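# Overview (structure and organization)
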Amino acid sequence: MGKTKAQGGTPATVALTRAKTEFTLHPYDHDPSAQAYGEEAADALGVPYERIFKTLVAETESGLAVAVVPVAGKLDLKALAAALGGKRAAMADAAKVERVTGYVVGGISPLGQRKQLPTVVDASALEFETIYFSAGKRGLQIETAPANLVALTRAVTSPIAKR
């Protein structure tokens, strides 16, 4: 894995480059009719679903929060709320998420968002040397060490995915 310059990059790739973090970009042909963006990325790149992570945004008692979970699982909203010291969470409205993060649904990256939101990365990420997640647009994934993602987002790790 080498450092990839963010030529015409996304806010996510710019954040990684600025932080001098090693990462690899993996472009793929995005199908505009695809509904399951993470699964599409995994299939296109030949990567197991457990190693590709989707970025979801939920509404908690204290505001919006980011959950990063493997595409092989579903977000456990109660576990997310608990990881952030709350009791409840619900998926946030897509239009609000796009406005707050600066990304479009299907291309939301946990990095380089307009506003730094509390972030929880599913603990399963730590089982891998590298993981994949959106680079900030459909058809582009970042591969980096999970510790890099945790550090740059100031995330907590917790088991927030249901298999």
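Up top is the structure these notes are about.
Attention in this report is confined to the structure presented alongside it. (Residues numbered from 1 in each chain as written. Predicted model: local features only at pLDDT ≥ 70, side-chain atom pairs only at ≥ 80, totals over all residues. Heavy atoms only, no water.)

When you go through the protein residue by residue, the secondary structure sums to five helices and 10 strands. Whereas a compact globule of 163 residues would reach a radius of gyration of roughly 15 Å, the protein reaches 14 Å, a difference of no more than 12%. Principal-axis analysis of the C-alpha atoms gives the protein an extent of 40 × 35 × 30 Å. In the structure as shown, the protein presents an accessible area of about 8000 Å², 51% of it carried by carbon and sulfur atoms. Computed over 19 positive and 16 negative side-chain charges, the separation of the two mean positions in the protein equals 9 Å. (Helix = DSSP H or I, 4+ residues; strand = E, 2+ residues; numbered from the N terminus. Rg over C-alpha atoms; globule rule 2.2 N^0.38 Å. Areas by Shrake-Rupley, 256 points an atom, 1.4 Å probe, with all protein chains shown as cover. Lys, Arg positive; Asp, Glu negative; His and termini not counted. Charge placed at Lys NZ, Arg CZ, Asp CG, Glu CD.)

Here we come to helix 5 (residues 146-153). Buried within helix 5 are the following residues: Pro146, Leu149, Val150 and Thr153. The buried residues of helix 5 all sit within an arc of 95° when viewed along its axis, so they share a single face. Exposed residues pointing more than 90 degrees away from the buried face of helix 5 are listed as Ala147 and Ala151. Against the buried residues of helix 5 lie strand 3 (63-70), strand 6 (119-122), strand 7 (131-137), strand 8 (140-144) and strand 9 (156-158). Just past helix 5, the residue Arg154 takes up positive phi, approximately 55°. (Buried < 20%, exposed > 50% of the residue type's maximum accessible area, 1.4 Å probe, protein only. Arc of directions from axis to C-beta. Contact = heavy atoms within 4.5 Å.)

Among the residues making up helix 2 (residues 37-45), those that are buried are Gly38, Glu40, Ala41 and Ala42. Against the buried residues of helix 2 lie strand 2 (52-60) and strand 8.

Under the criterion given, the structure shown has three salt bridges. Between Glu59 and Lys96 there is a salt bridge, with the nearest N and O atoms lying 3.1 Å from each other. One end of the pair, Glu59, is in strand 2; the other, Lys96, is in helix 4 (residues 94-101), and 37 residues separate them in sequence. On the basis of relative accessible area, Glu59 is assigned to the partly exposed category, the value being 29%. The exposure class of Lys96 is partly exposed, given its relative accessible area of 27%. (Salt bridge = Lys/Arg side-chain N within 4 Å of Asp/Glu carboxyl O.)

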